[in-house]
Amino acid sequence: MIRMYTACTEEMDDPELAVMEIVSKLALKTRLMRNAVGIIACDYEFIETGVVQALSRALPFEVAGCTTLSSAAQGISGAEILCISVLTSDDVRFAAALSPPLNMDDIDIPVRRTFEEARGALGQAPDFMLAYLPFIPDRSGSLILRALDAASGGVPVFGGLSCAQVPNFTEGWAIHNEASRNGAAALVLMAGNVRPRFFVNSIPESALPEERGVITDAEGFIIKKINNVTFAEYIKKIGLREMLSQAIPLVVNSGSGSIALGVQSITKEGYAVCSMEPPENAHVALGQVERRRLLEAAEEATKTLLEVTDGQGILIHLCLARSLLFGTNTQAEMRLVMEMIGDTRPCQISYSAGELCPVLDERHAARNRLHNYAYIACVL
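## Here's the deal with the sheet that holds strand 8 (residues 128–133)
Consideration 1: As summarised here, the arrangement of the six strands in space is 7-12-8-9-24-27, forming an open sheet in which the pairing is mixed. One side of each edge strand has no neighbouring strand; the edge strands of this open sheet are strand 7 (92–98) and strand 27 (370–371).
Consideration 2: Its contacts with the sheet put helix 4 (residues 108–122) on strand 7, strand 8 and strand 12 (186–192), and the angle it makes with strand 7 is roughly 145 degrees.
Consideration 3: Packing against the sheet, helix 5 (residues 141–152) makes contact with strand 8, strand 9 (157–161), strand 12, strand 24 (355–356) and strand 27, and its axis sits at approximately 150 degrees to strand 8.

Have a look at this one:
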């Protein structure tokens, strides 16, 4: 069984004060069990000012995580805070590792080596894994997840893609102890009596405009044309600006169900590089989302996960694009979820540039998947 304890700080400039605040809130002297790991979500400034490094030195266990646009814990949310969740257990073991910056032309070897490093430290095959992967605009994050699946043999993965307060969110730092790297992956492996329960809530199709297009040309992760014109031409025709394409949901329905794709970038030819492979001849809905419907979906998802009464803690990732749909009130969804959970159990929420959460296939087997515009949760 895993117990979870959370703490956060807004002290960005003084590492010593930040560590004192976190350590005081965690009260680990009376809580820490035989094994433990810390999960960090923070703004990059906490790395730059040395807070993350100082906290890592002060804690008697490994820490891992990534940068984010905003995070929340203990009823506090914001862009300029650091949140940490300590997972501790007598019958679950933890081990973490950090990859080098990933070159998308050759990801299989470094991903496998990073997984094997963590597995070696764990001393056995993992039962579950947290992963914090990089967001790379001209390549799909699904390719990194595939490499991780191949390395691990399909161990269930929960986590997100790192992001930071930079234009187009094209940078993100992964964290492992005192090290942090832009474009890298951080992994946390778990083995033993761990029983994660997963929840995924995507953008409801009913919240999207009624107008539909058809993908008439696609190759791999690239949508070339919709309704026989380039992706860039299509979004211009329906009144959207190319610069906003990453914040606009694209929901694809191929007859076997709907999935939301992220548009990671638009090429010079006007093609869309997507987070997942879009099926040709599928119908697509693209456009502004009704904010009210999005909050209703988040409320419904939170009620569902709170029905799991034997969980000791909750990890939640919200897609950063969902936050952009709320205009200046970017933390509306995060605050709603945090208020609903309240003090019922420890919870950490953070935004991500892509969400990693298993789903059940047609045989009811858990399959790892990268989601976009999603609300994902893991109850431990």
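## Section: the pattern of salt bridges
Consideration 1: Summed over all chains, the structure comprises eight salt bridges.
Consideration 2: Put simply, E21 and K25 hold a salt bridge, and the shortest N to O gap is 2.9 Å. Placement of the pair is E21 and K25 together in helix 1 (residues 15–26), with a separation of four residues, close to one helical turn.
Consideration 3: Taking relative accessible area as the criterion, K25 reaches 29% and is therefore assigned partly exposed.

## Topic: the packing of helix 4 against helix 5
Consideration 1: Between helix 4 and helix 5, the least distance of the axes is 9 Å, while the angle of their chain directions is 50 degrees. Relative to helix 5, the element helix 4 is oriented oblique. Between helix 4 and helix 5 lies a crossing of right-handed hand. Residues D108, V111, R112, F115 and E116 of helix 4 form the contact with helix 5, whose participating residues are I144, A147, L148, A150, A151 and S152.
Consideration 2: Taken together, the residues of the contact of helix 4 with helix 5 break down into seven nonpolar, one polar and three charged.

## A closer look at the environment of T304
Consideration 1: By the element assignment, T304 lies in helix 7 (residues 291–305).
Consideration 2: Taking the C-alpha atoms as reference, T304 lies 8.4 Å from F199; in sequence the two are 105 residues apart.

## A look at the environment of C319
Consideration 1: Its location among the elements puts C319 in strand 22 (residues 314–319).
Consideration 2: Along the sequence, C319 and A353 sit 34 residues apart, while their C-alpha atoms lie 5.9 Å from each other.
Consideration 3: The residues touching C319, leaving out its near neighbours within four places in the chain, are Y351, S352, E355, N372, Y373 and A374.

## Details of helix 1
Consideration 1: With 12 residues, helix 1 should reach 16 Å at 1.5 Å per residue; the first-to-last C-alpha distance of 16 Å fits that figure.
Consideration 2: Every buried residue of helix 1 is accounted for by A18, V19, I22 and L26. For helix 1, the buried positions fall inside an angular range of 95 degrees around the axis, keeping them on one side. Across helix 1 from its buried face, at more than 90 degrees, point the exposed residues E16, M20 and S24.
Consideration 3: Packed against the buried residues of helix 1 are strand 1 (3–9), helix 3 (51–58) and strand 6 (82–89).

## Quick look at the sheet that holds strand 22
Consideration 1: The strand order 5-4-23-22-28-13 describes an open sheet built from six strands, whose pairing is mixed. The open sheet is flanked by strand 5 (76–78) and strand 13 (197–201), the only strands paired with a single partner. Between one strand and the next, the sheet's axes are offset by a mean angle of 10 degrees, whatever the strand orientation.
Consideration 2: Across six bridges, the pairing between strand 22 and strand 23 (residues 347–352) is parallel.

## Comments concerning the state of the cysteines
Consideration 1: If you walk through the whole model with that rule in mind, you get zero disulfides.
Consideration 2: C66 takes part in no disulfide bond, and the closest cysteine sulfur to it belongs to C163, at a distance of 6.8 Å.
Consideration 3: Free cysteine: C319, not disulfide-bonded; nearest cysteine sulfur from C163 at 8.8 Å.
Consideration 4: Residue classification places C319 among the buried residues on the basis of a relative accessible area of 4%.

## Concerning helix 4
Consideration 1: Taking 1.5 Å of rise per residue, the 15 residues of helix 4 would be expected to cover 21 Å, and the 21 Å separating its terminal C-alpha atoms lies within 8% of that figure.
Consideration 2: Those residues of helix 4 that sit buried are P110, V111, T114, F115, A118 and L122. With its buried residues spanning 135 degrees around the axis, helix 4 presents them on a single face. Projecting away from the buried face of helix 4 at angles above 90 degrees are the exposed residues R113 and G120.

Parameters at a glance
Residues numbered from 1 in each chain as written. Predicted model: local features only at pLDDT ≥ 70, side-chain atom pairs only at ≥ 80, totals over all residues. Heavy atoms only, no water. Pairing = 2+ DSSP bridges. Helix = DSSP H or I, 4+ residues; strand = E, 2+ residues; numbered from the N terminus. Contact = heavy atoms within 4.5 Å. Axes fitted to C-alpha atoms, helices over the stretch in contact; angles between N-to-C directions. Salt bridge = Lys/Arg side-chain N within 4 Å of Asp/Glu carboxyl O. Buried < 20%, exposed > 50% of the residue type's maximum accessible area, 1.4 Å probe, protein only. Parallel < 35°, antiparallel > 145°, perpendicular 65-115°, else oblique. Left-handed = near helix turned anticlockwise from the far one by under 90°. Nonpolar A, V, L, I, M, F, W, Y, C, P; charged D, E, K, R; others polar. Expected span 1.5 Å × (residues − 1). Arc of directions from axis to C-beta. Disulfide = S-S within 2.5 Å.

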